[in-house]
Amino acid sequence: MKSVRRPTIDEATLINIENDSDKSNKNLIRGSEAYPLLEIQSGPKQGAWFTLSQQKEITIGRAGVNSIVLEDNSVSRSHTVLHEMGGKFFIKDVGSRNGTYVNEQRVQEDFQLKHKDKIRIGIYNLVFLTEAEEIDEDDFFEDEKSESDRDSTLLNEVSDIIQVSNEPPVEVPPESSPSSVSEHLLLPIAKNENSRMKTVIFSLSLLFLFVGLAYTAYRFHLKKKIPFVPKEDVVVQVPKIEDTPKNTPQVTPESQVNQYVLPPESQPTQTTVVTAPENTASSGSPVFLDVDAKPLAAKIFYQGKELGSTPFKINVNVPLGVPQELVAVYHFQELGQDFSEKKTFTVSKQDEIVNLRFEGTVGSLNVKSLPKDCSVYLEASFASNELKTQSVKLQEIVYTRPISLPYGNYKLEIKRPTRLEGSETIMDVVSYYREFVISAQNTSYEVSLSEQDFKVFPAKIITNPPGAEVWVESKKYGVTPFDGKLPLVKGTFVLKKEGYYDHEQSIPLTMNTPFAVELSLKTSEAGQFINKGKELISQGQYAQAVDQLSEALKHNPSAFELADINYHLGLSYIQTKTFDVAQTYLEKAKASSPQFKSKADLAIAEALLGAGNSAQALNITVDLILNEKDEKLKSDAETLFHKISGLKSVFLVSTTPPGAKVTVNGQEIGQASPVLLSDIPLGVYHVLVEKPGFKKYETRFEMSVSTFKPILIKLEPLH
């Protein structure tokens, strides 16, 4: 059926009536050379399209340097990138804030695009097309037709008002009409009706224009006001907090702390996007606040209203150029107290996102392991005046989770059930005690204890002079200055040093707690001169040392002190090369006290070597190497051995029983075992040992440079 369009009001008009049956209703909307392309289906610039055939890589973002610029705060400055490879297009997110989605699936790495794939970037929805399509006008202009139907209804109502005279229409000559026109009508209009209808049409046009402008302004304002939130993000609706009444006095942030709602025990571990509370900064510029608090999550308040628990991002209106203040409220669950900190920030016109990081004055106590039946108590004196000193028993300690503590001084007590001595009563007794500080320099304190830790205590012992041996229950634990562990027993520790009286002191502790002491060792009148003589020897002043040691002999030294004097006199005379005098004093030292025998023998060997009697010195040295149990003396003897033998080697043949004949490389040694052979050159040696009534013993070995090889043989009887 053919329809007739009516002419305009002010003059007789020719109306073209097209025959739909004569022409297809599908048309190509753009040329094929534009493909592949991206077309904006919804968002600002709806209907705009961008060809992708001119570049290998196309960047998309809010910044003006991008190939495709999408202007909205929901789009990151550099949001995503498309690139062509082998005739195929791939899309990749480049770390945008709100993500890139293809067919409602978030993509991060390269994702191959297909024809008609739908892409979401911020508030924009785009479609990827690789080839031209014919679009059905009824489908493509579906939205437009809904509005044009309303316009047609109004126009039909207007046309019904226009009633013309009964005069027949004037026929238009065929040559003046277009070939596509199937019918021509000429409509005369009465002058009085013409003027009235002009007024009606003009009024309706103004009405339509006003409604369209109002709807456009409303849509633009709505998009700007509501920030874009990706579907995957968690949206937390923060309850509205009523404004403070005008007649209520303003409360300072310090006193507000107790009014804040405490955060839950489990804090979010991922950044949360939250909506701003109502009436927050009633005027200002919208800006994203990216807020985090370390090392403990906190609740954040702005202008007395809660924004959320860190970490989170939120869009709020903030006055430009005016310092603003956020308050972070930390909740310490184990202590049952809150603690707040403030941070000031200022927003400028170009700011779109403000990063705010609270570095709380917060540390931690890490309890990693404890024996059974332990109770942990903590007494705290906090650095902040906002918190009160308190004692608390820590309940349900989780070894893998640090206990958050504000900066301050702490006393840690660990109690264990203990039976009182001489009674059946069992009480919790402090078995471990420590004091520690949580501060910027020491942000954590660790406790890791086993059963053994409750049987010892840490001790620091300093003596003047140093070098005293530390003994507990007949066991040596080290020398001063001592820094180690001692057994937690009812008894004493003893400090011993030559030339000084032994110092004995009881162990005053019944629990594992640090012990420190500094002592001056005492000595006799003779001991004072002995110590001075030793000090001079260490300084190389041997003549002066002899004077001090000789003076010590005049002050009634004990037997041990007498041996000590003679020994150090012998050492002094060795250094002054008076070797015969040195040997005399060293022999006296051996006779005065058995404790000096081994070290006096070593000094005698050194004196013999100095006097040129290397063979005798070697015999004494080898005997010390073989028999001395003191490792330091044995090491000193080996050093002297290398000094005596030089580059030559030495081997010793010793038999049990002694008196065996020794043959080396076929040559009989004139001396029966034990035999010490020195000045042995490099090479391979064959040793044969024979003794009547015993089996023969043979061995072969190789000697290297400056080597001492003892051959100790236990002969086997023939029967």
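What counts, and at which threshold
Residues numbered from 1 in each chain as written. Predicted model: local features only at pLDDT ≥ 70, side-chain atom pairs only at ≥ 80, totals over all residues. Heavy atoms only, no water. Helix = DSSP H or I, 4+ residues; strand = E, 2+ residues; numbered from the N terminus. Areas by Shrake-Rupley, 256 points an atom, 1.4 Å probe, with all protein chains shown as cover. Pairing = 2+ DSSP bridges. Axes fitted to C-alpha atoms, helices over the stretch in contact; angles between N-to-C directions. Parallel < 35°, antiparallel > 145°, perpendicular 65-115°, else oblique. Left-handed = near helix turned anticlockwise from the far one by under 90°. Contact = heavy atoms within 4.5 Å. Nonpolar A, V, L, I, M, F, W, Y, C, P; charged D, E, K, R; others polar. Core = buried A, V, L, I, M, F, W, Y, C linked by side-chain atoms within 4.5 Å. Buried < 20%, exposed > 50% of the residue type's maximum accessible area, 1.4 Å probe, protein only. Expected span 1.5 Å × (residues − 1). Salt bridge = Lys/Arg side-chain N within 4 Å of Asp/Glu carboxyl O. Patch = residues over 30% accessible without salt bridge, like charges linked within 9 Å, V, L, I, M, F, W, Y side chains within 5 Å. pLDDT = per-residue confidence, 0-100.

(A) View of the overall build of the chain. A count of helices and strands for the chain gives 11 helices and 43 strands. As displayed, the chain offers around 42500 Å² of accessible surface, 51% of which is attributable to carbon and sulfur atoms.

(B) Region of interest: the sheet that holds strand β43 (residues 708-714). Here we have three strands laid out as an open sheet, ordered β40-β37-β43, and mixed in their pairing. Both outer strands of the open sheet, β40 (675-680) and β43, are each paired with one neighbouring strand and no more. Pairwise comparison of adjacent strand axes, ignoring direction, gives a mean angle of 10 degrees for this sheet. Relative to β40, strand β37 (residues 649-656) is paired through four bridges, and the arrangement is antiparallel.

(C) Representation of the packing of helix α9 (residues 597-610) against helix α10 (residues 614-627). Close contact between α9 and α10 brings their axes to 8 Å; oriented N to C, the two are set at 155 degrees. Viewed along their axes, α9 and α10 adopt a mutual orientation that is roughly antiparallel. Crossing hand, α9 versus α10: left-handed. Residues Ser-598, Asp-601, Leu-602, Ile-604, Ala-605, Leu-608 and Leu-609 of α9 form the contact with α10, whose own contacting residues are Ser-614, Gln-616, Ala-617, Ile-620, Thr-621 and Leu-624. By residue class, the composition of the contact of α9 with α10 is eight nonpolar, four polar and one charged.

(D) Spatial organisation of the nonpolar core. Judged by nonpolar contacts, the single largest core of 48 residues is most densely connected at Leu-289, Leu-326, Tyr-330, Phe-345, Leu-365 and Ile-414. Sequence-distant contacts of Ile-414, that is, excluding residues within four places in its chain, are made with Leu-370, Cys-374, Ser-375, Val-376, Val-429, Val-430, Ser-431, Tyr-432, Val-447, Leu-449 and Phe-454. Listed in part, the 27 residues of the second largest apolar core include Ile-574, Ile-604, Ala-607 and Leu-618.

(E) Up close: the pairing of strand β4 (residues 57-61). Across four bridges, β4 lies against strand β6 (residues 80-85) in antiparallel orientation. Each residue of the ladder has a partner; that of Glu-57, found in β6, is His-83. As judged from the two bridges shared by β4 and strand β5 (residues 68-69), these two strands associate in the parallel manner. In the strand pairing of β5, Gly-61 is matched with Val-69.

(F) Quick look at helix α7 (residues 559-575). An ideal rise of 1.5 Å per residue puts 24 Å on 17 residues; α7 measures up with 25 Å between its terminal C-alpha atoms. Restricting attention to buried positions, one finds in α7 the residues Glu-561, Ala-563, Asp-564, Ile-565, Asn-566, Tyr-567, His-568, Leu-569, Gly-570, Ser-572 and Ile-574. Those residues of α7 hidden inside the fold are in contact with α5 (525-538), α6 (542-552), α8 (579-592) and α9.

(G) The pattern of salt bridges, seen in detail. Counted by the stated rule, this structure contains 21 salt bridges. For Asp-292, the salt bridge identified is with Lys-294, shortest N-O distance 3.8 Å. Taking relative accessible area as the criterion, Lys-294 reaches 44% and is therefore assigned partly exposed.

(H) Broad picture of the sheet that holds strand β39 (residues 667-668). The strand order across the open sheet formed by four strands is β39-β38-β41-β42, and the pairing between neighbours is antiparallel. The sheet terminates laterally at β39 and β42 (697-703), the two strands that pair on one side only. Sheet analysis places strand β38 (residues 661-664) next to β39, joined by two bridges and oriented antiparallel. Residue pairing in the sheet places Thr-663 in a bridge with Glu-668 of β39.

(I) Spatial organisation of a nonpolar patch on the surface. A contiguous nonpolar surface patch, about 440 Å² in accessible area, is contributed by Phe-202, Leu-206, Leu-209 and Leu-213. Examined against the element boundaries, Phe-202 turns out to sit in helix α3 (residues 191-225). Phe-202 sits in the exposed class, given a relative accessible area of 54%.

(J) Quick look at the confidence of the model for the chain. Across the chain, the average pLDDT comes to 77, with 76% of residues at 70 or higher. Across residues 1-28, confidence stays below pLDDT 50; counting only partners more than four residues off in sequence or on other chains, it has 47 contacts. Segment residues 135-148 is flagged for pLDDT under 50; beyond a separation of four residues in sequence, or across chains, it makes nine contacts in the model.

(K) Structural view of α9. Its 14 residues give α9 an end-to-end C-alpha distance of 20 Å, which sits within 8% of 20 Å, the value for a rise of 1.5 Å per residue. Of all the positions in α9, only Ala-600, Asp-601, Leu-602, Ala-603, Ile-604, Ala-605, Ala-607 and Leu-608 are classed as buried. Two residues or fewer past α9, Gly-612 is found with a positive phi of approximately 95 degrees.

(L) Just the environment of Phe-436, in detail. By secondary structure assignment, the location of Phe-436 is in strand β28 (residues 426-438). When its relative accessible area of 6% is taken as the criterion, Phe-436 is described as buried. Considering only alpha carbons, one finds Phe-436 and Tyr-410, 26 residues apart in sequence, at a separation of 5.4 Å. Once residues within four sequence positions are removed from consideration, Phe-436 is found in contact with Leu-365, Leu-378, Gly-408, Asn-409, Tyr-410, Leu-412 and Tyr-445.

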